[in-house]
Amino acid sequence: MDPDARNGWQLAQHEGAVELRAPGDAPGRGLRADWSQLRLPDGASSLRGQPLGRAVGSSARTAIDATAGLGFDTFAMAAMGVQVRAIERNDWVLALLRQAHAWALADAKLKPIAERITIEQGDAHALLAAAQPVDVVLLDPMFPAKKKADAKPPKAMQALSAVVGDDGDADALLMLALAVARQRVVVKRARHAPPLGNLQRAWTIEGKVLRFDVYRALA
Ligand SMILES: C[S@@+](CC[C@H](N)C(=O)[O-])C[C@H]1O[C@@H](n2cnc3c(N)ncnc32)[C@H](O)[C@@H]1O
C-alpha cells in the first residue's frame, strides 16, 4: 500500500481492512468506512422523509453522487431504492469507499442495497460532462471547517480534510450537474458555507449543522 503520508495521515491495511490512520493511531484504530454503522430508519419511505430524502425527492430512481467520499450519502440514496453511480477522485478515499462497498456486498442484509451502487474513480468534471442523464445529481464537496476551538470535527471529517483538503474547484460542478439531472441537483453544504456557484436555489432544507440546497433541472 502507498507508503506516503499525507499531512501525517497514512493509508494502511490491518487484518484485511483498509484504514486511514491519523498520526499516532495504532494499527486497527484508523478510520474505516463501514456502512453497516449507519442507523437507517426502517424502510425506504421513512428514509425519504429525512432531509436527504426530501431533498432528493420521492420520484428519483437514478442518481449520480459526484463527490462520493466515504459513500454514506450514496448508501442512503441506494437504501431509498435509487440506483446510484458514485464518483470519487481521491485514491485514498476511493480505497475506503470500495472497501465499504465490498463489505456491504458480503452482508446478506445490505447486499440488495449495495447492488444498486456502482463506484467509479475519476474527476466529476469530466465524468459529468460525458454522463447519460439521471434523475438527481448530488454534490457534497469539501468546504473549510468553521474555526471554533471547542468544536472538533468527527474523525471522518478530520481525515477527509487532511487527505483531500478543500475542493476549491467545486463551483463548476453545479452547471455540469444541471446539464445531466432530469429532476434536480442537490448540494449538501455546511450551514455556514455560501451556496455553490452563482445560481438561484429552488429551495433549501435546513438541518442543525447542514443544509441541502435544491436546484431544479434546466429542462
Ligand atoms: C465531503 S466529501 C463527501 C462525503 C460524502 N457525501 C459521504 O457521505 O461520505 C467530498 C468528497 O468529494 C470528492 N470530490 C470533490 N470534488 C470531486 C470531483 N470533482 N470529482 C470527484 N470527486 C470529488 C473529494 O475527494 C471528497 O472525497
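As a reminder, the structure under discussion sits directly above these lines.
Just so you know, these numbers come straight off a predicted model, no measurement behind them.

Caption draft 1: Local environment of the sheet that holds strand 5 (residues 83-88). A sheet is described by the order of its strands in space; here seven strands give the open sequence 6-5-4-7-8-10-9, paired in mixed fashion. Across the chains shown, the open sheet's two edge strands, defined by having one partner strand only, are strand 6 (117-121) and strand 9 (203-206). Pairs of neighbouring strands in the sheet enclose a mean axial angle of 20°, with direction left out of account. Bridge count for strand 5 against strand 6 is five bridges, and the pairing is parallel. Counterpart to Glu88 in the pairing with strand 6 is Gln121.

Caption draft 2: Fine view of the pairing of strand 10 (residues 210-216). Most of strand 10 is tucked away: five of the seven residues are buried. For strand 8 (residues 181-190) and strand 10, the ladder comprises seven bridges, and the chain directions are antiparallel. In the sheet register, Val185 faces strand 10, and the bridge partner there is Tyr215. Pairing of strand 9 with strand 10, which is carried by four bridges, proceeds in the antiparallel orientation. Counted as the bridge partner of Glu206 is Arg211 from strand 10. Where strand 9 folds back on strand 10, the antiparallel hairpin that results is connected by three residues.

Caption draft 3: Representation of the site of the ligand. The local shell around the ligand holds 21 residues, among which Asp73, Glu88, Ala124, Asp140 and Asp167 are the closest. Between a nitrogen atom of the ligand and a side-chain N or O atom of Asp73, the distance comes to 2.8 Å. Between an oxygen atom of the ligand and a side-chain N or O atom of Glu88, the distance comes to 2.6 Å. Burial of the ligand by the protein amounts to 96% of the accessible area it has alone, namely 610 Å². For the shell around the ligand, the secondary structure elements donating two or more residues are helix 3 (72-79) and helix 6 (124-129).

Caption draft 4: Structural detail: unusual backbone geometry. A positive phi angle, close to 50°, is found at Asn7, a residue other than glycine. Here Asn7 lies in the loop between strand 1 (5-6) and strand 2 (9-14). Positive phi, normally seen in glycine, also occurs at Glu15, with a value near 45°.

Caption draft 5: Structural context of helix 8 (residues 171-180). Listed as buried for helix 8 are Leu173, Leu174, Ala177, Leu178 and Val180. Take helix 8 and look down its axis: the buried residues cluster within an arc of 155°, on one side only.

Basis of the calculations
- Residues numbered from 1 in each chain as written.
- Predicted model: local features only at pLDDT ≥ 70, side-chain atom pairs only at ≥ 80, totals over all residues.
- Heavy atoms only, no water.
- Pairing = 2+ DSSP bridges.
- Helix = DSSP H or I, 4+ residues; strand = E, 2+ residues; numbered from the N terminus.
- Axes fitted to C-alpha atoms, helices over the stretch in contact; angles between N-to-C directions.
- Buried < 20%, exposed > 50% of the residue type's maximum accessible area, 1.4 Å probe, protein only.
- Near = heavy atom within 4 Å.
- Polar contact = N/O pair within 3.5 Å; in protein donor to acceptor, adjacent residues only side chain to side chain.
- Areas by Shrake-Rupley, 256 points an atom, 1.4 Å probe, with all protein chains shown as cover.
- Arc of directions from axis to C-beta.

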